[in-house]
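Architecture at a glance
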Amino acid sequence: MATSTYLSNPTFTCNSVDLSDQCRSATLSVKYDALESTAFGSTSRVYTAGLGDHELNVTLLMSYSATETYATLAALVGTATTVILKPSSSATSATNPSFTLTGTFLETLPVIDAKYGELSEIDITFKGGVYTVATA
Amino acid sequence: MKYTIISDKIGVVGEKFVPGEGINIEALLAHGFIVSDEIVNDTTAPKSAKTKALPKKD
């Protein structure tokens, strides 16, 4: 039985900045437009991959300290950057692949999300970019 | 252009930073993650303003 339990090891790097210690969850969805290629003679609908439309959703603890969450993201909103996700902080390998979105766009940055008595968290989404996987 | 790391969030402080593809250098410079090694020469004296010759009177 194969399972993955995430406790403390995953790493999240945004624009070269390691934000793993502020990251609470991350979901990278690899998606391609499904272009229908059904033609005469087909007995079922068939599709072929179109443009990639990948997306990374991240929940981060908000920190306004130097070189933390806000400092990393403030200048990135409205621009494209590179983000990297790894299941574990150990060396990249076939069993610890490194997932990268290059040229992914940060459309929105909630600069403050304050709830009385709670740690501040923000949810951000990186849209698009070129998806690559490294195993070495 | 060469850069030096000044925050341990992106590597070992003092080492050279080699930006990967798609990295937004301006954001890292603006928020104190790296510094540029390029020396800015601001000692050059500014040029004096050019003055036009007065038109001759007839």
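Note that residues are indexed from 1 along each chain, following the sequence as it is written. Lettering of chains starts at A and numbering of ligands starts at 1, both following the order in which they are written. pLDDT decides what is reported in this predicted model: residues at 70 or higher carry local features, side-chain atom pairs at 80 or more are listed and counted, and totals for whole chains, interfaces and linings draw on all residues regardless.

The helix and strand labels rest on DSSP assignments: H or I over at least four residues marks a helix, E over at least two residues marks a strand, and numbering proceeds from the N terminus. Tallying secondary structure elements over chain A gives one helix and 10 strands in all. Traced from its N-terminal end to its C-terminal end, chain A shows the element sequence β-β-β-β-β-β-α-β-β-β-β. Radius of gyration here is computed from C-alpha atoms only, and the compact-globule reference equals 2.2 Å multiplied by the residue count raised to the power 0.38. Against the globule reference of 14 Å for 136 residues, chain A gives a C-alpha radius of gyration of 18 Å, more extended than a compact globule. Along the longest, intermediate and shortest principal axes, the C-alpha atoms of chain A span 65 × 35 × 25 Å. Relative to its full complement of 136 residues, chain A shows a buried share of 21%. Nonlocal contacts in chain A, meaning residues at least 24 apart in sequence, comprise 61% of its contacts between residues at least 6 apart. Residue burial here comes from a neighbour count, namely the number of other C-beta atoms, placed from the backbone, that lie within 10 Å of the residue's own C-beta, with 20 or more meaning buried, 12 or fewer meaning exposed, and in between meaning partly exposed. By the convention adopted here, residues make contact when the C-beta atoms placed from their backbones lie within 7 Å.

Attention now goes to unusual backbone geometry. All names here are of chain A. Its identity as a non-glycine residue notwithstanding, Asn15 has a phi of 55 degrees, on the positive side. The class for Asn15 is buried, based on 27 C-beta atoms found within 10 Å. Notably, Thr67 is not glycine yet its phi reads approximately 55 degrees, a positive angle. Given 18 C-beta atoms within 10 Å, Thr67 falls into the partly exposed group.

What follows covers the pairing of strand β8 (residues 98-106) of chain A. Residue and element names in this part refer to chain A. A pair of strands is considered paired only if DSSP assigns at least 2 bridges between the two. Judged from the six bridges that link them, strand β7 (residues 80-86) and β8 form a sheet pairing that is antiparallel. Of the residues in β8, the one forming a bridge with Val83 is Leu101. Alignment of β8 against strand β10 (residues 130-134), held across five bridges, turns out to be antiparallel. Paired with Thr100 across the two strands is Thr132, which belongs to β10. When β8 meets strand β9 (residues 121-127), the two strands line up antiparallel, connected through two bridges. What sits directly across from Phe105, in β9, is Lys127.

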